[in-house]
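Here's the letter readout for the chains.
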Amino acid sequence: MVVIPAGTFTMGSETFYPEEAPLRRVSVDAFRMDRTPVTNRQFAAFVEATGHTTVAEVAPDPKDYPGMLAGMDRAGSLVFGKTTAPVDTTNPGNWWNFTFGAYWRQPLGVGSDIESLGLWEHPVVQVAYADAEAYAKWAGKDLPTEAEFEYAARGGLEGRDYAWGDELAPGGVMMANYWQGLFPFANQMLDGWERTSPVGTYLANGYGLVDMIGNTWEWTRDWWSEKPAISKPSGGCCALSNPRGAKLKDSFDPAQPGVRIGRKVIKGGSHLCAANYCQRYRPAARHPEMIDTSTTHIGFRCVTRNV
């Protein structure tokens, strides 16, 4: 783990997406953070030691999902599928497929085991929030807050768009694993990777952390809110100290009033973020994810606060 010193920084952005605003001063206490996302090898050790069964391995209960289609009450998870031509990018259903049998050991579905795909040193994916939380507890750690993640991802840089400066690919150099080209059908793979990459493929940031941007989104412990907390009184002189996110009831998706499943903040962007879609390969970027969801582009890392 890497020691992240206590400090105060400007959190958020007013340049990209509305949910990242407003800019606000935030202070965090010192903590330790895993240098890399949790890998398949590390997660396998956890499963072997505990016998943990991931959310994706358990068939969903139709009572929890009003309107579930017949036959969908089978274990599985969401797998990204590149399209063959341009599609409506307002509909994620054009590239996400619920795949029966997909879980962390076979992230793309039956026959895609991590051994044959050479994924032992890649970030573990197909982990829901409860799986990340269980791993952290087993390891004697915790999941980071949104503020801790963003502060660590910035690596000591203040007010920059990206974790390495204000240019996405300085001098044409790929600084993280993201989608180059038109999403979701034309990946130029200038970074060399179609999906995830081994942890540590790209340079560490100023704190010595790798893959804080791109590769996989990462779970945080904070409940989602459309508008993040700001210091009180608004516009005052004082920074908000160690914010801890919203409340469960405020995190429900208003677009799905019949589904009462909380949403956590995920951070960092992934290998599916592209210039024409989801420019969230940035420290300030944030996105909501239901805690029961597991996909091929969400992982996690842990922290401890006993520095």
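Rules and cut-offs
- Residues numbered from 1 in each chain as written.
- Predicted model: local features only at pLDDT ≥ 70, side-chain atom pairs only at ≥ 80, totals over all residues.
- Heavy atoms only, no water.
- Core = buried A, V, L, I, M, F, W, Y, C linked by side-chain atoms within 4.5 Å.
- Buried < 20%, exposed > 50% of the residue type's maximum accessible area, 1.4 Å probe, protein only.
- Helix = DSSP H or I, 4+ residues; strand = E, 2+ residues; numbered from the N terminus.
- Contact = heavy atoms within 4.5 Å.
- Pairing = 2+ DSSP bridges.
- Axes fitted to C-alpha atoms, helices over the stretch in contact; angles between N-to-C directions.
- Phe/Tyr/Trp six-rings, centres within 6.5 Å; stacked < 30°, edge-to-face > 60°.
- Parallel < 35°, antiparallel > 145°, perpendicular 65-115°, else oblique.
- Nonpolar A, V, L, I, M, F, W, Y, C, P; charged D, E, K, R; others polar.
- Salt bridge = Lys/Arg side-chain N within 4 Å of Asp/Glu carboxyl O.
- Polar contact = N/O pair within 3.5 Å; in protein donor to acceptor, adjacent residues only side chain to side chain.

**Here's the deal with the nonpolar core**
No. 1: Grouped together as the largest cluster of nonpolar side chains are 35 residues, with contacts concentrated most on Phe43, Trp104 and Phe300.
No. 2: Elements supplying a minimum of two residues to this core: α1 (40-50), α3 (129-138) and β9 (217-223).
No. 3: Aside from chain neighbours lying at most four places away, what touches Phe43 is Val38, Thr54, Trp104, Val124, Val127, Asp131, Tyr135 and Phe300.
No. 4: Within the second largest apolar cluster, 18 residues are counted, among which are Val26, Val28, Leu209 and Met212.

**Notes on the side chain of Thr304**
No. 1: Here Thr304 lies in strand β14 (residues 303-304).
No. 2: On the accessibility criterion, Thr304 (11% relative accessible area) is buried.
No. 3: Excluding anything up to four places from it in sequence, Thr304 contacts Met1, Phe31, Arg32, Gly140 and Lys141.

**What about the sheet that holds strand β10 (residues 240-241)?**
No. 1: What the 3 strands build is an open sheet, ordered β2-β3-β10; its pairing is mixed. Because the sheet does not close on itself, it has two edges, and the strands there are β2 (7-11) and β10.
No. 2: Where helix α4 (residues 146-154) meets the sheet, its contacts fall on β2 and β3 (24-28), and the angle it forms with β2 comes to roughly 95°.

**Let's talk about the environment of Val124**
No. 1: Assignment of secondary structure puts Val124 in the loop between α2 (114-117) and α3.
No. 2: Looking at Val124, the relative accessible area reads 0%, which means it is buried.
No. 3: Setting aside residues up to four positions removed in sequence, Val124 forms contacts with Val38, Thr39, Asn40, Phe43, Trp104, Ile298, Gly299 and Phe300.

**Concerning the packing of aromatic side chains**
No. 1: In the structure shown here, the tally under the stated rule is 22 aromatic pairs.
No. 2: Plain terms: the ring middles of Phe43 and Trp104 are 5.2 Å apart, the flat faces sit at 75° to each other, and that makes the pair edge-to-face. One end of the pair, Phe43, is in helix α1; the other, Trp104, is in the loop between β6 (96-100) and α2, with 61 residues separating them in the sequence.
No. 3: Its relative accessible area of 1% is what places Trp104 among the buried residues.
No. 4: The interplanar angle of 50° and the centroid separation of 5.9 Å between the aromatic rings of Tyr151 and Tyr207 together place this pair among those described as tilted.

**Things to note about the packing of α1 against α3**
No. 1: For the pair α1 and α3, the least separation of the axes is 11 Å and the interaxial angle reads 75°. Judged by the angle between their axes, α1 and α3 are roughly perpendicular. Note on element contacts: α3 touches α1 through Asp131, Ala134, Tyr135 and Trp138, opposite Gln42, Phe43, Ala45, Phe46, Ala49 and Thr50.
No. 2: Within the contact of α1 with α3, the residues separate by chemical class into 7 nonpolar, 2 polar and 1 charged.

**Considering the pairing of strand β12 (residues 286-290)**
No. 1: Of all the 5 residues making up β12, 4 are buried; the element is thus mostly covered by neighbouring parts of the structure.
No. 2: Note that strand β11 (residues 263-267) and β12 share 5 bridges and pair antiparallel. Counterpart to Ile266 in the pairing with β12 is His287.

**Some remarks on the pattern of salt bridges**
No. 1: Within this structure, the stated rule accounts for 15 salt bridges.
No. 2: For Arg41, the salt bridge goes to Glu121, with nearest N and O atoms at 2.5 Å. Placement of the pair is Arg41 in helix α1 and Glu121 in the loop between α2 and α3, with a sequence separation of 80 residues.
No. 3: As a salt-bridge pair, Glu146 and Arg286 come within 2.6 Å of each other at their nearest N and O atoms.

**A short note on the side chain of Gln180**
No. 1: Tracing the sequence through the fold places Gln180 in the loop between α4 and β7 (181-182).
No. 2: Within polar-contact distance, the side chain of Gln180 engages the backbone oxygen of Tyr178 at 2.7 Å.
No. 3: Only 3.0 Å separates the side chain of Gln180 from the backbone nitrogen of Asp191, close enough to count as a polar contact.
No. 4: Among all residues touching Gln180, those that are not within four sequence positions of it are Met174, Ala186, Asn187, Gln188, Met189, Leu190 and Asp191.

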